[in-house]
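Topology and contacts: notes
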Amino acid sequence: MRVTLEQLETLVWVARLGSFRAAARQQHVSQPTVSARIVELERIIETRIFERSKHKVELTLRGHDVLERAQKILRATEELLSAGRKGDPMRGVLRLGANESTAMVCLTQLLAYLRTEYPTLRVELTVDVGSILSAKLNAKELDVAILTDPRSSNVVQDVDLGEAELEWLACERFLEGRHRLTARELRALPIVTIAPPSTLFEAAQQWFSSESLTFDDYASCNSLAMMTQLVKAGNAVAILPPTVLKAEIEEGSVMVINTPTHFIRPRFFMSYIRECESREIRAFVERTREILFASGLLHCERAESLHHNIGTAVHPMTGGEVL
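Counting restarts for each chain: residues are numbered from 1 in the order of the written sequence. Local features in this predicted model are restricted to residues whose pLDDT is 70 or higher, and side-chain atom pairs enter the listing and the counts only when it is 80 or higher, whereas totals over whole chains, interfaces and linings include all residues. Side-chain metrics rest on all non-hydrogen atoms present in the structure, leaving aside hydrogens and water.

Digging into the nonpolar core
Among soluble globular proteins, nonpolar side chains are generally buried collectively. We count it as follows: Among buried residues, those of type Ala, Val, Leu, Ile, Met, Phe, Trp, Tyr and Cys that are joined through side-chain atoms within 4.5 Å constitute a nonpolar core. Throughout this description, buried means an accessible area under 20% of the type-specific maximum (1.4 Å probe, protein chains only), exposed means over 50%, and partly exposed covers the range between. Numbered from the N terminus, helices here are DSSP runs of H or I no shorter than four residues, and strands are runs of E no shorter than two. When checking whether two residues touch, look at their non-hydrogen atoms; a contact exists if any pair is within 4.5 Å.
W168, L186, F208, M227, V237 and L240 are the most contacted members of the largest nonpolar core, which totals 36 residues. Of all the secondary-structure elements, those providing two or more residues to this core are β7 (167-171), α7 (172-175), α8 (183-187), β8 (192-194), α9 (199-209), α10 (224-232) and β10 (238-240). In contact with L240, other than residues within four places in its own chain, are E165, L166, E167, L169, L200, L224, M227, T228, V231 and L245. Core analysis: the second largest hydrophobic core is formed by 25 residues, L94, V159, M270 and F293 among them.

Next up, the structure:
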């Protein structure tokens, strides 16, 4: 009988979380399954790994050594899997990250493209704010990510897709017939935004700063989907991509607020690990650009066509090279 990776992973989670029940929740298995894995592992290596009590589980002296060896094996396994992905993440598993607006508006089309072009590809999706996606890319925990204003290290290639389309939105009833507001009038209304650091917060902060106003009175939310619900219900106003409420805008229940102040528009990027560079990745970048423009997430006025050849540019925030 040989030790399995499942047993080693369970060992690590039990040691980290301090209980079989917590490890079971983390691994989405039953507590008896966790117990069985540990018991079988202890039997195979002929060593008691944990001291069990009613309230906690602790590693034995020998268990600490076993844990250290298990972690080394799991790290080596991950390195082996990463080595297999190098140069061609479009075969096998693609670790794809997307910010929430992309996920809400374009995810179905992006996944349909991948299913059509790469039928055997398995996608592991992460949806989060750009700062988290950038950190995961820099740590090589993602292969590709669609995000705004990345903060990339030299292991990551950033491709500029275009400017984000953003507007102040509010429920028509909430505005009471006022469709044009000054920055001062708008600041007096309840505003909801994604907590900093986030692109939407920075866009709002820059917008008010351009009118010499502070932006310190707002409700924070960690979900773009929830923000849209708050705006629809007339509980708040928000800077949002208008396409996330396209149907409501078209029917007139949600309005784009007309203001004299213009946005400094953030930019969408598609970023990927440099060593994953390939013709397939370039094709995915171009298809993503087309989908984002067609969906309305990207601002229509742009200096380049959808079908341009990718050249060399410089990331405006980091100064790093982009395609």
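What to know about the pairing of strand β3 (residues 93-98)
Regular strands show a simple pattern: their side chains alternate between the two faces of the sheet. Note the cut-off: A strand pair is defined by DSSP finding two or more bridges across the two strands.
Burial analysis of β3 places 6 of its 6 residues in the buried class, the great majority of the element. Where burial is concerned, the two faces of β3 agree: the one with V93, R95 and G97 and the one with L94, L96 and A98 are both buried. One ladder, built from 6 bridges, connects β3 with strand β4 (residues 122-127); its direction is parallel. Considered in β4, the bridge of V93 is made with R122.

Quick word on the sheet that holds β10
The cut-off we apply is this: In this analysis an axis means a line fitted to C-alpha atoms, helices contributing only their contacting stretch, and an angle means the value between N-to-C directions, from 0 to 180 degrees.
Across the sheet, 3 strands lie side by side as β10-β7-β11; this open sheet has antiparallel pairing. Edge positions in the sheet fall to β10 and β11 (254-256), since each of these pairs with one other strand and no more. Recorded for the sheet is a direction-independent mean angle of 45° between the axes of neighbouring strands. In this structure, β7 lies alongside β11, joined through 3 bridges in antiparallel fashion. Within β11, the residue paired with L169 across the bridge is V256. Packing of α10 onto the sheet brings it into contact with β7, β10 and β11, and relative to β10 it is tilted by some 125°.

Focus on the packing of helix α1 (residues 5-17) against helix α3 (residues 31-45)
Note the following rule: We call two directions roughly parallel when the angle between them is under 35 degrees, roughly antiparallel when it is over 145, roughly perpendicular when it lies between 65 and 115, and oblique otherwise. Side-chain classes are defined by residue name, with Ala, Val, Leu, Ile, Met, Phe, Trp, Tyr, Cys and Pro counting as nonpolar, Asp, Glu, Lys and Arg as charged, and the others, Gly among them, as polar.
One can describe the packing of α1 onto α3 by two numbers: an axis separation of 9 Å at closest approach and a directional angle of 110°. On the basis of the axis angle, α1 is roughly perpendicular to α3. Here α1 contributes E6, Q7, L8, T10, L11 and V14 to the contact with α3, which in turn contributes V34, R37, I38, E40, L41 and I44. The class makeup of the residues in the contact of α1 with α3 is 7 nonpolar, 2 polar and 3 charged.

So, the side chain of E248
Rule in force here: Definition of a polar contact: a pair of N or O atoms within 3.5 Å, with one able to donate and the other able to accept a hydrogen when the atoms are protein atoms, and with sequence-neighbouring residues admitted only if both atoms are side-chain atoms.
Relative to the helices and strands, E248 is located in helix α11 (residues 246-251). Polar contacts involving the side chain of E248 include one to the side chain of K232, which spans 3.4 Å. With residues near it in sequence (within four places) discarded, E248 still touches K232, S253 and V254.

Here's the deal with unusual backbone geometry
Phi at K140 is positive, roughly 60°, even though this residue is not glycine. For K140, the location among the structural elements is in the loop between α6 (130-138) and β5 (144-148). In this structure, D149 is a non-glycine residue whose phi angle is positive, near 45°. Mapped onto the elements of the fold, D149 is located in the loop between β5 and β6 (156-163).

Description of the environment of V144
Structurally, the position occupied by V144 is in strand β5. Residue class for V144 comes out buried when judged on its relative accessible area of 1%. Separated by 14 residues in sequence, V144 and D158 place their C-alpha atoms 9.8 Å apart. Here V144 is in contact with L94, R95, L96, G97, L137, M270, S271, Y272, I281 and F284, once residues within four sequence places are set aside.

Some thoughts on the packing of aromatic side chains
Each pair of aromatic rings is reported with the distance of its centres and the angle of its planes. Inclusion rule: Each aromatic pair joins two rings of Phe, Tyr and Trp (for Trp, the six-membered one) with centres within 6.5 Å, and gets the label stacked for planes under 30 degrees apart, edge-to-face for over 60, and tilted for any other angle.
For the structure shown, the criterion picks out 9 aromatic pairs. With a centroid separation of 5.5 Å and an interplanar angle of 40°, the aromatic rings of F201 and F215 are classed as tilted. Of this pair, F201 sits in helix α9 while F215 sits in the loop between α9 and β9 (219-221), and the two are 14 residues apart along the sequence. By relative accessible area, F201 is classed as buried at 8%. Among the aromatic residues, ring-to-ring pairing joins W168, F201, W207, F208, F215 and Y218 into one connected group.

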